[in-house]
Amino acid sequence: PLSKILLGSLNPFQLAGLLYLGAAVANSRFLFKSKKRSQVFSVQRSQIIKIVGVVFFGGFLGPVLLMFGLDLANASSVSIWLNFELVATAVIGVLFFKDHLDIWGWVGVFLTLVAGILATAGEGISGIFAGLLIVLACTSWAMDNHLTATIDGVTPEVVTFMKGSVAGILNLFIGTMMVGALPSFKIVALALVVGMVSYGLSITLYVISAQTIGATRGQILFSTGPFWGILASTFLLNEHLTLPILGSMTLLAAAIFLTNFVSHGHDHTHQPSEHTHLHVHTDAHHGHLHEGDLKNKVHSHPHAHTSVNHQHFHYPDLHHRHSH
């Protein structure tokens, strides 16, 4: 809803750029910490392609398509359509990233898709075209989600900073060249603030979630966002809660429940591996020792895993990319 207001003074490229530059600013604090600086410059070669993909799909292409779609449709409808990211994340995850959903998970994905169609059914051709743009944006972010979930050795703050700074500068440059000038300082500042909170903080928290419980289930929890978007649209933009919107919200609530509260567990084998990521020593995979008392604290460092076979409820996180 706040982006919808800002589109009155900015074109889609400019706003997409400023929002992600705001995200970069929110995570720039790592530049002043030597440990995190070293992590940026010591990224493994195998991770570089993934990071480039995250910047292109998540920072450049996705937000531009979203802003063009938002320019054509109501913010409440776009908020619901954004949950197609869940559908795209699930499909791409199963096809390419060894993700897994059971029957109830797929039912939740289907309900999410129906909720999006219902939300834009009353907006005519512009709503359909806007929906297509949002679908393309969400497909871009689905690729971003899975690439992000498989990156290790780089902190969530670093990923968000790189995505925001590189893609943000590029989109802002393109948008400014199109109109020949930047808007007022006030508009730029407002867009940066929205980006710092709604993109910077949001993306960092999502990256932590995706690396912990997997991209698809992380996206399921992230999909509660439309409820807040619809609520804000009602107060900020005077958009009415129509029967289709209320029906979409009901379907969305059912989808979130079905796909997030069905546990997945079976006997599985972990191959020996060595990587770096945020972890805590209260799970079944991190029993290595430290000189200090870090057992109950979240921390990150290079560590090795030996081969083990066990059974427990799990998500498709960095340790559970096995086939089914």
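Residues numbered from 1 in each chain as written. Predicted model: local features only at pLDDT ≥ 70, side-chain atom pairs only at ≥ 80, totals over all residues. Heavy atoms only, no water.

J.: Teacher, can you tell me more about the overall build of the chain here?
T.: The number of helices and strands found in the chain is 13 helices and 4 strands. For the chain, the residues scored as buried account for 52% of the 324 residues in total. When contacts within the chain are restricted to residue pairs at least 6 apart in sequence, those whose partners lie at least 24 apart make up 84%. Accessible surface, the chain: about 15,500 Å² in total, of which carbon and sulfur atoms supply 70%. (Helix = DSSP H or I, 4+ residues; strand = E, 2+ residues; numbered from the N terminus. Buried < 20%, exposed > 50% of the residue type's maximum accessible area, 1.4 Å probe, protein only. Contact = heavy atoms within 4.5 Å. Areas by Shrake-Rupley, 256 points an atom, 1.4 Å probe, with all protein chains shown as cover.)

J.: For this particular structure, what's the right way to read the environment of Arg 29?
T.: Tracing the backbone shows Arg 29 in the loop between α2 (12-26) and α3 (34-41). Assessed through its relative accessible area of 41%, Arg 29 is described here as partly exposed. Along the chain, Arg 29 and Phe 161 lie 132 residues apart, while their C-alpha atoms are 9.5 Å from each other.

J.: Quick question: what am I supposed to make of the nonpolar core here?
T.: Soluble globular proteins tend to bury their nonpolar side chains together. Within the largest apolar cluster, 42 residues are counted, with the highest numbers of intra-cluster contacts made by Leu 6, Leu 10, Leu 15, Leu 66, Met 67, Phe 84 and Tyr 199. Those residues in contact with Met 67 that sit more than four places away from it in its chain are Ser 3, Leu 7, Pro 12, Leu 15, Ala 16, Leu 19 and Tyr 199. Val 55, Leu 147, Ile 151 and Val 159 belong to the second-largest nonpolar core, a separate cluster that totals 8 residues. (Core = buried A, V, L, I, M, F, W, Y, C linked by side-chain atoms within 4.5 Å.)

J.: Just to check I follow, could you spell out a nonpolar patch on the surface for this structure?
T.: Together, Val 25, Val 193, Met 196, Val 197, Leu 201, Leu 205 and Ile 208 line one region of the surface with nonpolar side chains, adding up to about 580 Å² of accessible area. Among the elements that line the nonpolar patch, the one with the most residues is helix α10 (residues 185-213), at 6 residues. Inspection of the secondary structure puts Ile 208 in helix α10. The class of Ile 208 is partly exposed, set by a relative accessible area of 32%. (Patch = residues over 30% accessible without salt bridge, like charges linked within 9 Å, V, L, I, M, F, W, Y side chains within 5 Å. Salt bridge = Lys/Arg side-chain N within 4 Å of Asp/Glu carboxyl O.)

J.: Help me understand the packing of aromatic side chains, please; the structure alone is not making it clear to me.
T.: One pair of aromatic rings is described through two measures. These are the centre distance and the angle between the planes. Enumeration over the complete set of coordinates arrives at 5 aromatic pairs. Ring centres of Phe 13 and Phe 68 lie 5.7 Å apart, and the angle between their planes is 85°; on these two criteria the pair is classed as edge-to-face. Remark: Phe 68 occurs in helix α4 (residues 45-70) and Phe 13 occurs in helix α2; sequence separation between them is 55 residues. Put simply, the rings of Phe 56, Phe 57 and Phe 60 touch in pairs and so form one group of aromatic residues. (Phe/Tyr/Trp six-rings, centres within 6.5 Å; stacked < 30°, edge-to-face > 60°.)

J.: What's the story with unusual backbone geometry in this structure? I'm lost.
T.: Backbone geometry places Asn 238, a non-glycine residue, at a positive phi of 55°. Among the secondary structure elements, Asn 238 is positioned in the loop between α12 (225-236) and α13 (243-260).

J.: Please clarify how the environment of Ala 90 should be interpreted in this entry.
T.: You can see Ala 90 is positioned in helix α6 (residues 84-96). When its relative accessible area of 0% is taken as the criterion, Ala 90 is described as buried. Along the sequence, Ala 90 and His 146 sit 56 residues apart, while their C-alpha atoms lie 9.7 Å from each other.

Keep in mind that these numbers describe shape and distance, not what the molecule does.
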